[in-house]
Amino acid sequence: MSTLVGTTPAVAVRRVNRHRIGRLVADVFTYLGLAVTLVFFLGPFAWILTTSLKGNNDFFAFPPVWIPSDPSLAHYVGLFTRASGLRYFLNSLTISSMSMVAALLVSLPTAYAIARWRFGGSVFGTFLLVLRMLPAIALIIPVYLMYKTLGLTNSYLGLVILYTVVYIPFAVWLLVGFLRDFPVEIEEAAMIDGCSRLGSLVRVVVPIIAPGMAVVALFSFIATWNEFLFAVVLTGIETKTMMVLVTTYTSGGTDMFYGEASASVVLGVLPAFAVAFMLQRYLVKGLALGGTKG
Amino acid sequence: MRQLRFLAVLLVLIAVVAAGVMPGQAPAQGAKPYEGTTIRAVVNAEYVKYSLSLVEKDLYDKLGIKLDVEVIPLDAFVPKTLLEFNSGSSPWDLIMFGPSNMPDYGRHFEPLEAWTQKLKLDFQLDDIADVYKKLMLRHNGKLVSMPYDGDVHMLFWNKVAYERPDNKKKFKDKYKYDLQPPKTWKQWDDASEFFHGWGWDGTDNKLFGAGASYKPSGSGYSYHWWRSRFFSYGGQYFDADMKPLINTAPALRALEEMVRTMPYYPPGVLLFESEEPKTMLVKGEIPLLYSWTSTGKRVGDARESVIVGKAGFGLVPGAEIDGKIIHRPAITPGRAMAVSKYSKKIEPTMKVLEFISLPDQSLKIVMDPKTIMDPWRVTHFRSEKFRKAFPGAPEYLDAIEKSFPLVVPDPVIPGADEYQRKLSFEITEALAKRKPAKEALDSAAREWDKITDRRGRDKQKAAWGEKMAEMKAIGIEYHPDWAAKAK
Amino acid sequence: MRVPAIALKRRQWEPFAFASPALVLIALVIVFPLIYSFYLSLRDFDLSVGSDSTFIGARNYGEALLRDERFIASVWNTVVLIAPSLVCELLAGLGIALLLNRVTHGRPIITALLAIPAMVSPVMAGMAWRMMFGVKYGAINNLGRQFGLLDVYFDWFSSPFMSVVSVVLVEVWQNTPFMMLVLLAGLQSIPQELYESARVDGASPRQSFWHITLPLLKFTMVVGVMIRMIDLTKLFGLIFVLTFGGPGGATETVAFNTYLVGFKDFRMSYAAALSYVIVGGVLILTLLFQFVQRWREARAA
């Protein structure tokens, strides 16, 4: 409004109106742009979802059908039974949950050491960066050979160990951030009362940074759920994950088995949808540090 | 933040519960001979798993055995399975494999003879078509596997395209000979050029000239397609000294023709695997296709095909040399089933193998269009049921049998899969115009030499020597002069 | 406060104790395998031939860098995929971030929704788009035909060029949200007063964009681009599902080629060498990037 200083009322009114129209146009443009953006980024999910519920008539129809005329869960049933989808879904769930818990268990004390005692200086930071640069293929070759001799291929344990360790640097980094925000005085008060370090960590710190821990847990769940290369190489029929299941449809199956293929995609992106809203605030940090790609 | 904590705890609980529930179910007790046994099979596609599901119930009813089928996608199949076997173990009992890879797989299979005697098994070997008997059963002379899917290439054409008087006239005017299903490659190329880009079915649609599969995935589709031309122009894989012959004149002519005619094929052909061109054929979008015999079943399946009763079946085109036409349909040769010698359940697996190979059970499998498994028993070809399955079925089955004496096999030596893949990759590179044809073939020949060296040149030479002799016995050998004179 | 000697001693090993599980695991599962991998790369271990191997020194590296046409082609393919992706992600991310910055209602929800593509697996994104790219029944072609924009038979993978376009499209779809989030955070850290005083001085919105927003956003953009560039060198899952390297080898990335060498040809030693070449390449690329950045900053100063 400072631009109105020193003008006549008529000019001022015209200038305000131009501002208002200008802003209105900008607003319309903004919301339109965002609407298009949302359609672009979320459209594919909508299409896959409707496809997974379509019957043959709707799938092969033209013009394309967006709302199926007789939606059914037949494809999901087929996926779960004939294609053993249920087993693989549970595998993914189990492996990711176990990795998530293990990563937390191992990372929390480490993060504590770094936050409280500046353990290792900035080594962890550089280590995280270096690990980010490492392509998964560089790690899987030796790990595969090692696992073969140890008999850890096609086992939950093998995959969980690998996922946990690969995820430690990221978990530690995030947890250090949370711990640094935590006031030391509360801990010291507990220790004066006779608590050991470990005790104070468990009994005092953990309950208060529990939300932070949950964030790390959910990120690690998603990262391990999404992971592909290690899963493809190291799993067999008992331990195959949802990501590997989808590859059975990449060979000429997209027209013949369209229903099950799209159903498997719907299930595969479920965690992302579930978790996106809860992790909003941490998304930038999480994605930047590689928190969602295994 | 509460929800986060709750969700995290929930996931942990699920993990614990799932981990506890996952390991096995207690086997049931009963009166069937192998009640409670589960046999693990490994296959390379959903279709195959589906095909096994057709016989699962009868299998269980008769023997009490359940099948646990793992699908390893096509591209990872050979590497993953061989990796397991080479380390001396396998999590599977029943193995599906491609018989061209027998040199690499054979030593991991349990020979069948001893068990045939012990369990009084009857595999009815006399009922197997000769050409498959030769290629799918033995390793180093020992019987180790049974056929499951017999695969040769044959010609399919759309009768509507070929019988419309309008089309016939236009073709004769342009090419000066009668429109007929192609017998030579020149006729095939002319036809694909002629039919491309307009409605040869009498409609306004823009249709395509011909179909093929050019993706180098699996064992290399484009290589299979190129192979028929290559051999009909007098090609051969190696000479007696293990020098690759895949960049000689026959090879070049074959590839250059394929590159030149690329515009007449559907745009996505470079990524087509087995099923895409078949779909186009049965939907009436291409008039010509040579591909696996399973195509015929889909042609006759009224649920998806619009050309039921309107399709022709014949021999893959060849090359006219000195007045005779040399046909060389590829035999790929399908799939076979064997028993892993590392299995802890060899006896029940043998019974399963016998069961799924029974004439009536295997007929079920090879008749169903969704399985894409093909007839391999003589009784399959003569079966009244099959011959009545759809209009044209008798012609279809007869055409397959006519191809048998002329087929050209893969290079069945150690490393077969790798040789094929590398060659197919280069072929597709040329088709994609990323490299000139000559450069691609030279590159492939270099890769083949590298493979031969890695596997041991002398070993490979010996193995190839045998195969070359076998191929010579059925009339296949290298003719450097054919490429120039073929019409 | 003076701490008794005993307490001090306890403090010295405590950090190690706390960090030890992580350190041990990292040593076993990351450090040791990487060393073993390097050792492997100096031999000729080839699982398809047998389990013996001999020491061959740096021969694998020589072959990879000088004689392996397919590997060198894959390096070029990777560059061809990275460059347009980075440009599109930066521009689109900036555009959306600017739009989102103007919104006050519902920004958290929109942000969360837009972030979802970045949180799904590349394999899932690839599968979803692969079905959408389907020639006859895919959503895109169907819609295109409905609006008369596309021909009856438009194939998104019909040529090497189109395949690259398609891969870039899916990559951009999946990762623009990340760039957007980073830039949005950057935008929000620019003090409003700067814009206010610019307006007082009579600057147009476009001028304040060029002279305030962009310069202050530069650091954020650099960080975002660098992170994305490193991620793009690892491109694998998307390729596996969408094109499997095709047509021919047009979309074979370095990571994908190494996978084929290691897990299809079984040439473990050579694959190990290739993976170290890749790591080396990424390191050099990153250092180069930072060097160029610092040089440009020094020049601007």
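Being a predicted model, the structure only gives us computed values, none of them experimental.

**Student:** What is the right way to look at the overall build of chain C in this model?
**Tutor:** When you go through chain C residue by residue, the secondary structure sums to 12 helices and zero strands. Put simply, chain C runs from its N terminus to its C terminus through helices and strands in the order α-α-α-α-α-α-α-α-α-α-α-α. Taking 19 Å as the expected radius of gyration for a compact globule of 301 residues, we find that chain C reaches 25 Å, considerably beyond that expectation. Along the first, second and third principal axes, the C-alpha atoms of chain C reach 85 × 75 × 40 Å. Considering only residue pairs separated by 6 or more positions, chain C has 65% of its internal contacts joining residues 24 or more positions apart. Summed over all atoms, the accessible surface of chain C reaches about 13500 Å², with 69% contributed by carbon and sulfur.

**Student:** Sorry, what's going on with the overall build of chain B here?
**Tutor:** In terms of regular secondary structure, chain B is built from 22 helices and 11 strands. A compact globule built from 487 residues should have a C-alpha radius of gyration of about 23 Å, and chain B, at 24 Å, falls within 12% of that. Overall, the C-alpha framework of chain B stretches about 75 × 65 × 55 Å when taken along its three principal axes. A fraction of 73% describes how many contacts in chain B between residues 6 or more apart in sequence connect residues 24 or more apart. Taken as a whole, chain B presents about 18100 Å² of accessible surface, with 55% of it coming from carbon and sulfur. Across chain B, the centroid of the 71 positively charged side chains sits 2 Å from that of the 64 negatively charged ones.

**Student:** For this particular structure, what's the right way to read the interface of chain C and chain A?
**Tutor:** Where the parts come together, the accessible area they lose is often given as the size of the interface. Of the residues lining the interface, 89 residues belong to chain C; the matching set on chain A comes to 94 residues. Here chain C packs against chain A, burying approximately 8200 Å² in sum over the two surfaces, 83% of which is carbon and sulfur. For the chain C face of the interface with chain A, the top three residues by lost area are F18(C), M119(C) and Y137(C), together amounting to 11%. Here chain C is connected to chain A by two salt bridges. Where R102(C) meets D27(A), a salt bridge forms, and the shortest distance between an N and an O atom there is 3.1 Å.

**Student:** How do you make sense of the environment of V31(C) when you look at a structure like this?
**Tutor:** Relative to the elements of secondary structure, V31(C) occurs in helix α1 (residues 5-41). Distance in space between the C-alpha atoms of V31(C) and H211(C) is 47 Å, their sequence separation being 180 residues.

**Student:** Any chance you could explain the pairing of strand β1 (residues 37-43) of chain B here in plain terms?
**Tutor:** Each regular strand displays side chains that alternate between the two surfaces of the sheet. Residue and element names in this part refer to chain B. Most of β1 is tucked away: six of the seven residues are buried. Examined bridge by bridge, β1 and strand β2 (residues 65-71) share seven bridges and lie parallel to one another. Bridge pairing links I39 to L67 in β2. Taken together, β1, helix α2 (residues 46-63) and β2 form a β-α-β motif whose crossover is right-handed. In the sheet, β1 pairs with strand β3 (residues 94-97) via two bridges, with the strands oriented parallel. Opposite V42, over in β3, you have I95 as the bridge partner.

**Student:** Please clarify how helix α7 (residues 160-188) of chain C should be interpreted in this entry.
**Tutor:** Side chains three or four residues apart in an α-helix point the same way, a direct result of the helix having 3.6 residues per turn. Compared with the 42 Å implied by 1.5 Å per residue over 29 residues, the 41 Å span of α7(C) between its first and last C-alpha is a close match. Here α7(C) lies mainly inside the structure; 24 of its 29 residues are buried.

**Student:** Just checking my understanding: could you explain a nonpolar patch on the surface for this structure?
**Tutor:** Residue and element names in this part refer to chain C. A cluster of nonpolar side chains, namely I284, L288, F291, V292 and W295, defines an oily patch on the protein surface of about 560 Å² accessible area. Mapping I284 onto the fold places it in helix α12 (residues 268-300). On the accessibility criterion, I284 (56% relative accessible area) is exposed.

**Student:** How should I be thinking about the interface of chain B and chain A in this particular structure?
**Tutor:** On the side of chain A, 42 residues touch chain B, which itself brings 30 residues to the contact. Roughly 3100 Å² is buried in total at the junction of chain B and chain A, and carbon and sulfur atoms are behind 66% of that figure. The interface formed by chain B and chain A holds three salt bridges in total. Salt-bridge contacts for R87(A) lead to D68(B); the nearest nitrogen and oxygen are separated by 3.7 Å. For the pair chain B and chain A, the interface holds four residue pairs in polar contact (both at pLDDT 80 or more). When contributions to the side of chain B that touches chain A are tallied by element, the ones reaching two or more residues are α1 (2-21), α2, β2 and α3 (74-86) of chain B. Tallying contributions element by element places α1(B) first for the side of chain B that touches chain A, with 10 residues.

**Student:** Can you walk me through unusual backbone geometry in this structure?
**Tutor:** For residues that are not glycine, phi is negative in most cases, and the peptide bond is trans in most cases. Here K433(B), not a glycine, exhibits a phi torsion of approximately 60 degrees, which is positive. Although it is not a glycine, F266(C) adopts a positive phi angle of roughly 65 degrees. Locating F266(C) in the fold gives a position in the loop between α11 (254-263) and α12.

**Student:** When you look at the nonpolar core in this model, what are you seeing that I'm missing?
**Tutor:** Most often, soluble globular proteins keep nonpolar side chains buried together rather than apart. Membership of the largest hydrophobic core comes to 355 residues, with the highest contact counts inside it found for Y132(B), Y214(B), W226(B) and Y259(C). No other element matches the 16 residues that helix α7 (residues 156-180) of chain A contributes to this core. Here this core spans two domains, and each of domain 1 (2-60) and domain 2 (75-288) of chain A adds at least three residues to it. What Y259(C) contacts, discounting residues up to four positions off in sequence, is I137(A), L229(A), V232(A), V233(A), F236(C), F240(C) and K264(C).

**Student:** Would you mind showing me how to read the pattern of salt bridges here?
**Tutor:** For side chains bearing opposite charge, pairing can occur when the charged atoms are close. Enumeration according to the criterion identifies 56 salt bridges over all chains in this entry. With its nearest N and O atoms 3.1 Å apart, the salt bridge here joins R303(B) to D301(B). In this structure D301(B) comes out as buried when scored by relative accessible area, which is 11%. The salt bridge involving R457(B) is made with D449(B); its shortest N-O contact spans 3.0 Å. Several salt bridges share partner residues, and in doing so they unite D417(B), E418(B), R421(B), K422(B), E447(B), K450(B), R454(B), D46(C), E63(C), D265(C) and R267(C) into one network.

**Student:** So what exactly am I meant to see when it comes to the confidence of the model for chain C here?
**Tutor:** Detail in the predicted coordinates should be disregarded across regions flagged by low pLDDT. Residues and elements named next belong to chain C. The share of residues in chain C with pLDDT of 70 or more is 95%, and the mean pLDDT across the chain is 86. Long-range and interchain partners of residues 3-9, a stretch whose pLDDT sits below 50, account for two contacts in this model, where long-range means more than four residues apart. Per the prediction output, this complex has pTM 0.86; the corresponding ipTM is 0.85.

**Student:** Explain the packing of helix α6 (residues 136-150) of chain A against α7(A) to me, please; I cannot follow it from the model alone.
**Tutor:** In helix packing, the relevant descriptors are the interaxial angle and the interaxial distance, both defined with respect to the helix axes. Residues and elements named next belong to chain A. Their axes nearest at 12 Å, the elements α6 and α7 cross at an angle of 145 degrees. Both α6 and α7 take part in a crossing whose hand is right-handed. Side by side, α6 and α7 meet where L139, V143 and Y147 of the first sit next to G158, L159, I161, L162 and V166 of the second. Considering only residue class, the contact of α6 with α7 consists of seven nonpolar, one polar and no charged.

**Student:** In this structure, what is going on with helix α6 (residues 139-146) of chain C? I would like to understand it.
**Tutor:** What α6(C) keeps buried is the set A139(C), N141(C), N142(C) and G144(C). In this structure, the buried residues of α6(C) make contact with α1 (9-53) of chain A together with α5 (122-132) of chain C. Count one or two residues on from α6(C) and you reach G148(C), which has phi positive near 70 degrees.

Rules and cut-offs
- Each chain carries its own residue numbering, running from 1 in the direction its sequence is written.
- Chains carry letters from A onward and ligands carry numbers from 1 onward, assigned in written order.
- Two thresholds apply to this predicted model, a pLDDT of at least 70 for residue-level local features and 80 or more for giving and counting side-chain atom pairs, whereas whole-chain, interface and lining totals are computed over all residues.
- For side-chain calculations, the full set of non-hydrogen atoms in the structure is used, while hydrogens and water are omitted.
- The helix and strand labels rest on DSSP assignments: H or I over at least four residues marks a helix, E over at least two residues marks a strand, and numbering proceeds from the N terminus.
- C-alpha atoms define the radius of gyration, and 2.2 Å times the number of residues to the power 0.38 defines the globule rule.
- In this analysis, two residues are considered to be in contact whenever any of their non-hydrogen atoms come within 4.5 Å of each other.
- Using a 1.4 Å probe, accessible areas were evaluated by the Shrake-Rupley method; residue-level cover was limited to the displayed protein chains.
- The sign given to each residue is positive for Lys and Arg and negative for Asp and Glu; His and the chain ends receive no count.
- The location of each charge is read from NZ of Lys, CZ of Arg, CG of Asp or CD of Glu.
- Two parts placed together each lose some accessible area under a 1.4 Å probe, and adding up what both lose gives the buried area.
- Note on definitions: salt bridges are taken to be side-chain nitrogens of Lys or Arg within 4 Å of carboxyl oxygens of Asp or Glu.
- Remark: exposure states derive from per-residue accessible area (1.4 Å probe, protein chains only) relative to the maximum for the residue type, with buried under 20%, exposed over 50%, and partly exposed in between.
- DSSP calls a pair of strands paired once it identifies at least 2 bridges connecting them.
- Crossovers are marked right-handed if the path from the first strand over the helix to the second runs clockwise, as seen with the strands pointing away from the viewer.
- Helices are assigned an expected span. That span is 1.5 Å times one less than the residue count.
- To count toward a patch, a residue needs a relative accessible area above 30% and no salt bridge. Like charges then connect within 9 Å, nonpolar side chains (Val, Leu, Ile, Met, Phe, Trp, Tyr) within 5 Å.
- For this analysis, a polar contact is any N or O atom pair within 3.5 Å, provided that within protein one partner can donate a hydrogen and the other can accept it, and provided that sequence-adjacent residues contribute only side-chain to side-chain pairs.
- Definition of nonpolar core: a set of buried residues of the types Ala, Val, Leu, Ile, Met, Phe, Trp, Tyr and Cys, connected through side-chain atoms within 4.5 Å.
- The split of the chain into domains comes from an automatic or database domain assignment.
- Per-residue confidence from the predictor is reported as pLDDT, which spans 0 to 100.
- Each axis is a line fitted through C-alpha atoms, and for a helix only the stretch in contact is used; angles between axes span 0 to 180 degrees, taken between their N-to-C directions.
- By the definition used in this description, the sense in which the near helix is turned from the far one sets the handedness, with an anticlockwise turn below a right angle giving left-handed and a clockwise turn giving right-handed.
- Each residue gets one label: Ala, Val, Leu, Ile, Met, Phe, Trp, Tyr, Cys and Pro are nonpolar, Asp, Glu, Lys and Arg are charged, and the others, such as Gly, are polar.

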